[in-house]
Amino acid sequence: MKYKLTSKEVHVWYGDFHAIKNVSLQIRPNTVTAFIGPSGCGKSTFLRLFNRMNDYIDGFHMGGDILIDDRNIYGKRTLVEELRKEVGMVFQKPNPFPKTIYDNVVYGLVIQGIRDKRVLDEACEQSLQQAALWNEVKDDLKKSALALSGGQQQRLCIARTLAVKPTVILMDEPASALDPLSTVKIEELITQLKEHYTIVIVTHNMQQAARISDKTAFFYVGELIEYDSTVNIFTNPKQEKTQSYITGRFG
Amino acid sequence: MSQIDNPVHKIKGDLSEMFQLVSKQLTKAQQALQKFDKDLAREVIQIERRVNGEELQIDRAAENFIALYAPVAIDLRFVLAVLKINNNLERIGDIAEGISKYILETEKNFDAGLTESCNVQPMFEAAIRMLNDTQTAFDNEDTNIARKIFKYDDYLDHINMEAIQILSDMVKKDPSKVGDALYIISIIRKLERIGDQLKNIAEEIIFYIEAKVLKHAERK
């Protein structure tokens, strides 16, 4: 079966600091993959490799290959702007622009030069529907996005990501700043979205990883310690370090 | 020691005490049968309430542990095993009580010839040794000892199978012994059942420590 994302013997350095050490893994399309591990283990650095978000960090350099489908995204012919359309990202803290809800959702399309109102309207509704926010905001599209609750803002950011029609969505602790009910909504949303997208999520919430992901990768001091189905990781991990971490005995 | 170790140690200690309590019950039931001691049999029946109380307490602690700590991996297997081991131990307690009730029901001691021919006491001793070894396997997290339990179970099954033929032959020769024979076969059946309970417990210990499911499988 073809893999959507592939990492081949990847190393990352920030200056002299060896942040990612020889990580190889493959991610199937239409799955949710969780990256877990203690702070500083490299999971966010590794996640950001998939849309080249580390490129502008001082001292960043890497070795190995990152492939999307079969394309090496660190090859010379890759256009980073095009890559980021294909690989969307949602961050820990909701970061809507100080604009209307509508303008937030269609922002990516507008900067691509799309001006056709009918196209933008359709994209807005479809993205908000997919992000399970449409029913809550359909009568308030011209209101400021900043007036939404934290959970709504995060779903708005997901809608904004979806509007540019990515195939991969990276999420860096997308629910850690949200209350439990908003967290449930985001988790339900992630489960629904995997039908159309490949999702990779970094989370510190072990139960969240267990609930929503198909596969889990455990990182520790820059190394990929274990990568397996989430059920195996949470019932019978093969590595002692994984067991110690997920049972709360270190990290 | 991490926070999750505290409830794990507490539940483990409580289950270990449950093992001891049930072992004492079984030993007393054996002695009561050997000496036809009705007072000791009454004591077993009285203490059975404590066994039931311990079972409920461990069940509650396990439920709280799941609710409060959301255990995974070895901790999850541990608590799942605890629930089943606890239930099996309580049933062994019921068996000790059941045998004690037989002693109270009968006027005079069971026919010595029948009990000896059917190896009732060796079977009882094997069941008690098996229980104690199972506790050692649990306390020390020793799956080698747990695996030896399966052999004991085969031995108890063997005595059980033999007893049917022996009792049948003896009752044919002397039909007046049929009453005692029925009690003895009931006791043997109960002891054979203990073998099954301990085999289940041994399987749970192996599941908890090695993450291997032996239930309904060829044992390795």
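Let me begin by describing the structure that accompanies this report. If you're wondering where the values come from, they're calculated on a predicted model, not measured in any experiment.

What counts as what
- Residues numbered from 1 in each chain as written.
- Chains lettered and ligands numbered in written order.
- Predicted model: local features only at pLDDT ≥ 70, side-chain atom pairs only at ≥ 80, totals over all residues.
- Helix = DSSP H or I, 4+ residues; strand = E, 2+ residues; numbered from the N terminus.
- Rg over C-alpha atoms; globule rule 2.2 N^0.38 Å.
- Buried ≥ 20, exposed ≤ 12 C-beta atoms within 10 Å, placed from the backbone.
- Pairing = 2+ DSSP bridges.
- Contact = placed C-beta atoms within 7 Å.
- Nonpolar A, V, L, I, M, F, W, Y, C, P; charged D, E, K, R; others polar.
- Axes fitted to C-alpha atoms, helices over the stretch in contact; angles between N-to-C directions.
- Expected span 1.5 Å × (residues − 1).
- Arc of directions from axis to C-beta.
- Parallel < 35°, antiparallel > 145°, perpendicular 65-115°, else oblique.
- Left-handed = near helix turned anticlockwise from the far one by under 90°.

### Notes on the overall build of chain B
A count of helical and extended segments in chain B gives seven helices and zero strands. The linear arrangement of helices and strands in chain B, starting from the amino end, is α-α-α-α-α-α-α. Taken against the 2.2 N^0.38 rule, which gives 17 Å for 220 residues, the C-alpha radius of gyration of chain B at 19 Å falls within 12% of a compact globule. Counting only C-alpha atoms and orienting by the principal axes, one finds that chain B spans roughly 65 × 40 × 20 Å.

### Quick word on the overall build of chain A
Within chain A, the regular secondary structure consists of ten helices and ten strands. Against the globule reference of 18 Å for 251 residues, chain A gives a C-alpha radius of gyration of 18 Å, in line with a compact fold. Taking the principal axes of its C-alpha atoms as reference, chain A extends roughly 55 × 45 × 35 Å. Counting only residues that meet the buried cut, chain A has 43% of its 251 residues in that class.

### Thoughts on the pairing of strand 6 (residues 87-90) of chain A
All names here are of chain A. Judged by which residues are buried, strand 6 turns out to be covered on both faces: Val 87 and Met 89 on one side and Gly 88 and Val 90 on the other are all buried. Bridging between strand 6 and strand 7 (residues 168-172) involves four bridges; their strand directions are parallel. From the neighbouring strand, Val 87 faces strand 7, where its bridge partner is Val 168.

### Notes on the interface of chain B and chain A
Note: interface size is frequently given as the accessible area lost on complex formation between the parts. If you look at the interface, chain B gives ten residues, while chain A gives eleven residues. In terms of residue class, the side of chain B that touches chain A is made up of seven nonpolar, two polar and one charged.

### Quick look at the pairing of strand 4 (residues 60-68) of chain A
Residue and element names in this part refer to chain A. Both strand 1 (residues 5-14) and strand 4 contribute to a ladder of eight bridges, which runs antiparallel. Across the sheet, the residue bridging to Ser 7 is Ile 66, located in strand 4. Here strand 4 folds back onto strand 5 (residues 71-72), and the loop between the two strands holds two residues, one of which, Asp 69, carries a positive phi near 55°.

### Description of the sheet that holds strand 10 (residues 223-229) of chain A
Sheets are built from strands that pair by backbone hydrogen bonding, the pairs being arranged parallel or antiparallel. Residue and element names in this part refer to chain A. In spatial order, the strands read 6-7-8-3-9-10; together these six strands make up an open sheet with mixed pairing. Every other strand in the sheet has two partners, leaving strand 6 and strand 10 as the edge strands with one partner each. Recorded for the sheet is a direction-independent mean angle of 15° between the axes of neighbouring strands.

### Concerning the sheet that holds strand 5 of chain A
All names here are of chain A. Judged by pairing direction, the sheet is antiparallel, and its four strands sit side by side in the order 2-1-4-5 without closing on themselves. Each end of this open sheet is capped by a strand with a single partner; those strands are strand 2 (17-27) and strand 5. As paired elements, strand 4 and strand 5 share two bridges and run antiparallel to each other. In the strand pairing of strand 5, Leu 67 is matched with Asn 72.

### Comments concerning helix 5 (residues 120-140) of chain B
Residues and elements named next belong to chain B. Its 21 residues give helix 5 an end-to-end C-alpha distance of 30 Å, which sits within 8% of 30 Å, the value for a rise of 1.5 Å per residue. Turning to helix 5, its buried residues are Val 120, Met 123, Phe 124, Ala 127, Met 130, Leu 131, Thr 134, Gln 135, Ala 137 and Phe 138. Along the axis of helix 5, the buried positions cluster into a sector of 160°, meaning they face one direction only. Away from its buried face, by an angle of more than 90 degrees, helix 5 presents the exposed residues Pro 122, Arg 129, Thr 136 and Asn 140. Buried residues belonging to helix 5 abut helix 1 (5-35), helix 3 (73-105), helix 4 (112-117), helix 6 (143-173) and helix 7 (178-210). At the C-terminal side of helix 5, Glu 141 shows a positive phi close to 50°.

### Things to note about the environment of B:Ser176
Along the chain, the position of B:Ser176 falls in the loop between helix 6 and helix 7. Put simply, B:Ser176 and B:Met161 are 15 residues apart on the chain and 23 Å apart in space, counted from C-alpha to C-alpha.

### Here's the deal with unusual backbone geometry
We note that A:Arg52 has phi near 55°; this positive angle belongs to a residue other than glycine. Structurally, A:Arg52 can be placed in the loop between helix 1 (43-49) and strand 4.

### Looking at the packing of helix 2 (residues 38-69) of chain B against helix 3 of chain B
Residues and elements named next belong to chain B. Two elements in contact, helix 2 and helix 3, have axes whose closest approach is 9 Å; the angle formed by their N-to-C orientations is 165°. One finds that helix 2 runs roughly antiparallel with respect to helix 3. Handedness of the helix 2/helix 3 crossing: left-handed. For the contact of helix 2 with helix 3, the class distribution of residues is 14 nonpolar, four polar and eight charged.

### Details of helix 4 (residues 117-130) of chain A
All names here are of chain A. For helix 4, spanning 14 residues, the distance from its first C-alpha to its last is 20 Å, which sits close to the expected 20 Å at 1.5 Å a residue. Every buried residue of helix 4 is listed here: Ala 123, Cys 124, Ser 127, Leu 128 and Gln 130. Relative to the axis of helix 4, the buried residues are bounded by an arc of 155° and lie together on one face. Exposed side of helix 4, more than 90 degrees from the buried face: Arg 118 and Glu 122 are the residues found there.

### Here we look at the packing of helix 5 of chain B against helix 6 of chain B
Residue and element names in this part refer to chain B. The N-to-C vectors of helix 5 and helix 6 enclose an angle of 165°; their axes lie 9 Å apart at closest approach. Viewed along their axes, helix 5 and helix 6 adopt a mutual orientation that is roughly antiparallel. By crossing handedness, the relation of helix 5 to helix 6 is classed as left-handed. Counted together, Met 123, Ala 126, Ala 127, Met 130, Asp 133, Thr 134, Thr 136 and Ala 137 of helix 5 and Ile 145, Ala 146, Lys 148, Ile 149, Tyr 152, Tyr 155, Leu 156 and Ile 159 of helix 6 form the full contact between these two elements. A class-by-class count of the residues in the contact of helix 5 with helix 6 yields twelve nonpolar, two polar and two charged.

### Quick notes on the environment of A:Lys215
Residue and element names in this part refer to chain A. Mapped onto the secondary structure, Lys 215 falls in strand 9 (residues 215-220). The spatial distance from the C-alpha of Lys 215 to the C-alpha of Glu 195 is 15 Å, given a sequence separation of 20 residues. The residues contacting Lys 215, other than those within four sequence positions of it, are Thr 31, Thr 33, Tyr 227, Asp 228, Ser 229 and Thr 230.

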